[in-house]
Each structure stands twice: as structure tokens, then as C-alpha cells.
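# Fold and geometry: a report
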Amino acid sequence: MSLAKARGMGRMMGKAADRMGKILKSILGFNQKEEEFVPKEGAIREHFLFTGRVQCVGFRFRAGNLATHYGVTGWIRNNDDGSVEAEMQGREEELDKIIQALQQDDYIRIDWMERDRMELEPGERKFSVRY
């Protein structure tokens, strides 16, 4: 095989690998932009603590996608004790829909959930996954 032919194949393989990388990042959400949200009238803010099978099952990723879908702001993080903690701000029915979807997920099992109302964070514009 000539050097020119080998270089051409290398470029072709590189482009295919780049396309596959972009597809995988898109599927896994690595290219997900933090979207800006407009504060909603009638919004509430709640603190959540979840226990059960809530780590290593895509809980934070799923919650983040649901929050983006419903226009909810806040954050979510894993705790060292195996629980997951979150603060979510939006309309109560939107928060309820997120919780319901998480409870219906095949991989997630919420054994216990604590849910407490808090003060609004008026300047908050996005939902983030904390590490």
C-alpha cells in the first residue's frame, strides 16, 4: 500500500471516528448546553432528598433532562451516603411530573423521599448537575 493511500484511509477513519464521537456525546448528553430559563409565575422551590437505588442508575442525568424539558431550575448531586439531593424551582405541577417520571423509571428505585418547601432563588436561570 502506498503512503498516500494509507494517509487517505487514515483521514477517512478519523472522520468516521469524529462522527461516532459526536453521536455518542449527543446520546449521552455530553454536548448538552445549560439552557437559560425565564422565571415562571407561581413558581415554588423545594429541597429533595432521595434514598434507594438512586446512584449509578442515571438518576441525576434523567432528572436534569426532565428539568430542562419542563423548564425547571435548580441543581442535583450525589451524597457520600448513597442518597441524592436536589433543589428544584418551578411550578408545583412541573416538579410533580419530574418526580413521577423518576419513580416510573425502570432503573431507578426511590425507597424514601424527603420534600421541603424553601425560599425562591429569583436570579436562578438553569438546572445543573453538581459533582
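Below or above, wherever it landed, is the structure these notes cover.

About the criteria used
Residues numbered from 1 in each chain as written. Predicted model: local features only at pLDDT ≥ 70, side-chain atom pairs only at ≥ 80, totals over all residues. Heavy atoms only, no water. Salt bridge = Lys/Arg side-chain N within 4 Å of Asp/Glu carboxyl O. Helix = DSSP H or I, 4+ residues; strand = E, 2+ residues; numbered from the N terminus. Buried < 20%, exposed > 50% of the residue type's maximum accessible area, 1.4 Å probe, protein only. Contact = heavy atoms within 4.5 Å. Pairing = 2+ DSSP bridges. Axes fitted to C-alpha atoms, helices over the stretch in contact; angles between N-to-C directions.

Applying the stated criterion across every chain, the model contains 10 salt bridges. Glu 87 is the salt-bridge partner of Arg 45, the closest N and O atoms lying 2.9 Å from each other. Note that Arg 45 is positioned in strand β1 (residues 44-53) and Glu 87 in strand β3 (residues 84-90), a separation of 42 residues in sequence. Of the residues examined, Arg 45 reaches a relative accessible area of 1% and is grouped as buried. Its relative accessible area of 11% is what places Glu 87 among the buried residues. For Glu 92, the salt bridge goes to Arg 117, with nearest N and O atoms at 3.6 Å.

A separate point is the side chain of Arg 60. Along the chain, Arg 60 turns up in helix α2 (residues 59-70). The residues touching Arg 60, leaving out its near neighbours within four places in the chain, are Ile 76, Arg 77, Asn 78, Val 84, Val 129, Arg 130 and Tyr 131.

Spatial ordering of the open sheet is given by β4-β1-β3-β2-β5, a layout of five strands whose pairing is mixed. Because the sheet does not close on itself, it has two edges, and the strands there are β4 (109-118) and β5 (127-130). Each adjacent strand pair in this sheet contributes to an overall mean axis angle of 15°, direction not counted. Strand direction decides the pairing type here: strand β2 (residues 73-78) and β3, joined by six bridges, are antiparallel. Following the sheet pairing, Asn 78 is matched in β3 by Val 84. Each of β1, β3 and β4 is contacted by helix α3 (residues 92-104), which is oriented at about 165° to β4, the strand it contacts most.

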